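Fold and contact review
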Amino acid sequence: MGSNWRRNYMVSRQVEENLDKIHALFGSSMDLVIREFQLANGQKAAAFYIDGLVDNDILGRDFFSPLMKTTKNSSTYTCDEIAKSVLMMGEFTIYSSLDDVIAAVLQGLTALFVAGDNHAICAQAINWPQRSVEEPATDVVLRGPREGFIESMRINVSLLRRKIHHPDFKVETVCLGRYSQTDIALVYVDSIVNEDVLRQIKKRLKKIDIDSILDSGYIEQLIQDTPYSLFPTIGVAEKPDIAAARILEGRVAVLIDGSPIALTIPMLFIEGLHSPEDYYTRFFYASWVRIIRVIAFLISIYLPGFFLAAACYHQQIIPFKLLLSMAAAESQTPFSTGFSLLLIGLSYEILREAGIRLPKPAGQAISIVGAIVMGDAAVNANLISAPVLIVLAITVVASFVTVAYVDASTILRLLFLLLGWQFGLFGLLLGTMVMLIYLCSLESFGVPFMSPLSVFTHVEDSIIRMPLWMMKLRPAVLSRNLRRMSKETKPPHQRGDKE
Amino acid sequence: MKKLVMLVLVTMLVCSFSTCTDRQELSELAIVLGMGFDHMEDGSLQLSVELADRKMPQETGESKVFHVTAKDFTTAMDELVLLLDKQLFWGNMMVLVFGDSFTQEQVDDVALALYKSNIFSDELPLLCAEGTAADIINGSFGESEYVSKGLSEAISHDEAQFEPILLAHYVERLLANQASCQQIVRVDAEKIVSLGEMNIHEKQAY
């Protein structure tokens, strides 16, 4: 059959003919349910749905029961009449193409064929297993909303709709994946969105021709600007408040059915250093935390490389006492400083991967073993030196401060480690220059990745966060509607108002 | 793909230009704290170096002293490297001490050579020992003074007047023909208690 199952069939007036075509298409699938019955007026009908995707209670109460009980003066029902006056379900669509009917049923709808009408009704009685809305594992906040996206795209859209009650809030859907037929929603605010970005997203989505879309990661990799980029150029959000905030800045959110992670486009570098909590706490603390994040990000990529550069080439910059203790520690180990750092870094990555993938109890055991083996035994056995272990520990902790760049910082850390080890500070400087040039060349859907840092605009919400009432404008690169609050929003005491 | 090949080529080129030969592993460093020059009776040069003992990084650290004798400075340095089997690290050197007779005869040439070698700090203080430099470069440094204990005592003995001339200043005066060995501050070796001196010319595990 291949990936394209469509045959351009139309719905027949003969119920049996429709069912034969469906049988021919599906074969003997055990979850396919075809129920033939008679309407109250004796007219022949058949319902067709997938077991497990529908709510049998709703189906019995609002679908089959009215169909079998309602009588009518005229001799036959049409689909239109049934939909308008018999069925008690809120959402339905009438199709004349059998292919469309089958596609709808595969999405969880229930189809109804009635004899004598060359149309079919597809009614919504979807009820498949899904998680409840709960706080995601990442993006945990002390202050702010706790709800997170789940795997249902419809629920996710409704979570966003609850945040933005405005008719300009638009949801456009496309269906991608030849086999998976995954629903994908583009969500944006029409009066704010950057239309060029929206147009590009649609264009790139249209080009996708793939068997399946199983997660938002597929879409991210298939539409991003620089496929080989170390840095992500598409943002992710696990919480509706984050996605809503970005949509209200002019971005487009892409929700994928089956994925609890929404994509937000375009992404700016500075976004990775921000947290939603920054906007919920007072500005001076938010600014301080942002500075901490910048420092942590720099530590996460530079510290091992800098340590090696200092230890192997530039011992003059190490304070004398520290130099002595480092030299003492290193003289006990069989490996060179660089190799020790590589070895312990590799061990950490293995332990981390094992800890994440294993079931929770086993993962904890691995963590404990890892901590003891790496933290204590390896030092006591003089396999590695304590300073090397301390450097790795600080680096690893720092890398988790900027969650958005954990992947990028892991690879960059390794590159800078090799540069520092082989070329000292010269290597680090060279690497930094290349990285900066590369970062400045990146774009996210036509928007410079390093803005607003590169153009030094909208600095009130960059490395520092100014008071909320000072951020009157949206970033110019993201939106065509710049003003986000009126001048009167300034708190009264700031104006000297004695009211 | 072309970009990748270019990247590899550029990386290899950079690697070949800046080789890793000057990399010094911490465990292979001999951290020099002070160096002394003495003129021996047979006309040879005795070089005394005080090295921080990296096996004792505690607050009251210790140092070890090594002496080599050779006909000139370059040979003495070569012998020292052979003796220690380590790379000498000069970044923490605190003082250059010249023996009394050495100061009278050779200090100008050596100061100029050391200055030109660029491995020493320009602000390295120069001292002249009343006796021999080996008496002052005598090991066991304290917490606050990372120089030999004997030198520390010598300095603190008359701290108010202790303003040693720096290597760069001395060379500047030398080039202007205004230098004199009298300008190098003299410290009294008689008042120094010698601690932990090592056996001369004996190769020891460092």
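Residues numbered from 1 in each chain as written. Chains lettered and ligands numbered in written order. Predicted model: local features only at pLDDT ≥ 70, side-chain atom pairs only at ≥ 80, totals over all residues.

**Overview of the confidence of the model for chain B**
All names here are of chain B.
- Across chain B, the average pLDDT comes to 72, with 69% of residues at 70 or higher.
- When mean pLDDT is taken per element in chain B, helix α2 (residues 73-84) scores highest with 86 and helix α6 (residues 149-157) scores lowest with 57.
- Every residue in residues 192-206 scores below 50 in pLDDT, and together they form 33 contacts with partners more than four places removed in sequence or on other chains.
- Confidence metrics for the complex model read pTM 0.79 and ipTM 0.74. (pLDDT = per-residue confidence, 0-100. Helix = DSSP H or I, 4+ residues; strand = E, 2+ residues; numbered from the N terminus. Contact = placed C-beta atoms within 7 Å.)

**Overview of the packing of helix α9 (residues 283-312) of chain A against helix α13 (residues 386-399) of chain A**
Residues and elements named next belong to chain A.
- It is the contact of α9 with α13, at a shortest axis distance of 7 Å, that shows an interaxial angle of 155°. Between α9 and α13, the crossing angle belongs to the class labelled roughly antiparallel. Seen along the crossing, α9 lies across α13 with a hand that is left-handed. Taken together, the residues of α13 that come into contact with α9 (itself represented by A296, I299, S300, L303, P304 and F307) are V391, L392, I394, T395, A398 and S399.
- Of the residues assigned to the contact of α9 with α13, the class counts are nine nonpolar, three polar and no charged. (Axes fitted to C-alpha atoms, helices over the stretch in contact; angles between N-to-C directions. Parallel < 35°, antiparallel > 145°, perpendicular 65-115°, else oblique. Left-handed = near helix turned anticlockwise from the far one by under 90°. Nonpolar A, V, L, I, M, F, W, Y, C, P; charged D, E, K, R; others polar.)

**Observations concerning unusual backbone geometry**
- In the segment running from I265 of chain A into P266 of chain A, the intervening peptide bond is cis, with an omega of -5°.
- Here P266 of chain A shows up in the loop between β10 (262-265) and α9.
- Here N382 of chain A, not a glycine, exhibits a phi torsion of approximately 60°, which is positive.
- Within the secondary structure layout, N382 of chain A lies in the loop between α12 (360-380) and α13.
- Even without being a glycine, D85 of chain B presents a positive backbone phi close to 55°.
- Along the chain, the position of D85 of chain B falls in the loop between α2 and β4 (87-89).

**Some points on the interface of chain B and chain A**
- Between chain B and chain A, the residue contacts involve 19 residues of the former and 19 residues of the latter.
- The class makeup of the residues in the side of chain B that touches chain A is eight nonpolar, six polar and five charged.

**So, the packing of helix α11 (residues 337-357) of chain A against α12 of chain A**
Residue and element names in this part refer to chain A.
- Following both chains from N to C, one finds α11 and α12 inclined at 165°, their axes separated by 9 Å at the closest point. Overall, the two elements α11 and α12 adopt an arrangement that is roughly antiparallel. You can see that α11 and α12 cross each other, and the crossing is left-handed. Between α11 and α12, the contacting residues are I344, S347, Y348, L351, A354 and G355 on the first element and G363, I366, S367, G370 and M374 on the second.

**Here's the deal with the sheet that holds strand β3 (residues 92-95) of chain A**
Residues and elements named next belong to chain A.
- On the basis of which strands lie adjacent, the open sheet formed by five strands has the order β1-β2-β4-β5-β3 and antiparallel pairing. With one partner strand each, in any of the chains shown, β1 (32-38) and β3 form the two edges of the open sheet. Going across the sheet, the axis of each strand differs from the next one's by a mean of 20°, ignoring polarity.
- Alignment of strand β2 (residues 44-50) against strand β4 (residues 110-114), held across four bridges, turns out to be antiparallel. (Pairing = 2+ DSSP bridges.)

**With respect to the nonpolar core**
- Of all hydrophobic cores here, the largest spans 129 residues; its most connected members are V187, V252, A253 and V254 of chain A together with I31 of chain B.
- Take this core: its biggest share by element is twelve residues, from α9 of chain A.
- Two domains each put at least three residues into this core: domain 2 (153-267) and domain 3 (283-444) of chain A.
- Apart from the residues within four sequence positions on either side, V252 of chain A is in contact with L186, V187, Y188, V193, V197, L198, I201 and I265 of chain A.
- Membership of the second largest hydrophobic core comes to 32 residues, among which are L39, L67, F113 and A123 of chain A. (Core = buried A, V, L, I, M, F, W, Y, C linked by C-beta atoms within 7 Å. Buried ≥ 20, exposed ≤ 12 C-beta atoms within 10 Å, placed from the backbone. Domains from an automatic or database assignment.)

**A few points about helix α14 (residues 406-441) of chain A**
- Its 36 residues give α14 of chain A an end-to-end C-alpha distance of only 21 Å, which falls more than 12% under 52 Å, the value for a rise of 1.5 Å per residue.
- Maximal helix bending in α14 of chain A amounts to about 140°, located at F423 of chain A. (Expected span 1.5 Å × (residues − 1). Bend = angle between axes of the 7 residues up to and from the residue.)

**Examining the sheet that holds strand β7 (residues 182-189) of chain A**
All names here are of chain A.
- Taken together, five strands build an open sheet; the order of strands is β6-β7-β9-β10-β8 and the sheet is antiparallel. Edge positions in the open sheet fall to β6 (169-176) and β8 (235-237), since each of these has one partner strand only. For this sheet, the mean inter-axis angle between neighbouring strands, taken without regard to orientation, is 25°.
- Relative to β10, helix α7 (residues 216-223) is tilted by about 25°, and along the sheet it contacts β7, β9 (252-256) and β10.

**Let's talk about the pairing of β6 of chain A**
- As defined by bridge partners, β6 of chain A adjoins β7 of chain A across eight bridges and the pair is classed as antiparallel. Residue pairing across strands places V174 of chain A opposite I184 of chain A, the latter belonging to β7 of chain A.

**Quick look at the domain arrangement of chain A**
Residue and element names in this part refer to chain A.
- Along its sequence, chain A is organised into domain 1 (15-123), domain 2 (153-267) and domain 3 (283-444).
- When each unit is reduced to the centre of its C-alpha atoms, the spacing between domain 2 and domain 3 is 34 Å.
- Residue classes in the side of domain 2 that touches domain 3 are distributed as seven nonpolar, three polar and one charged.

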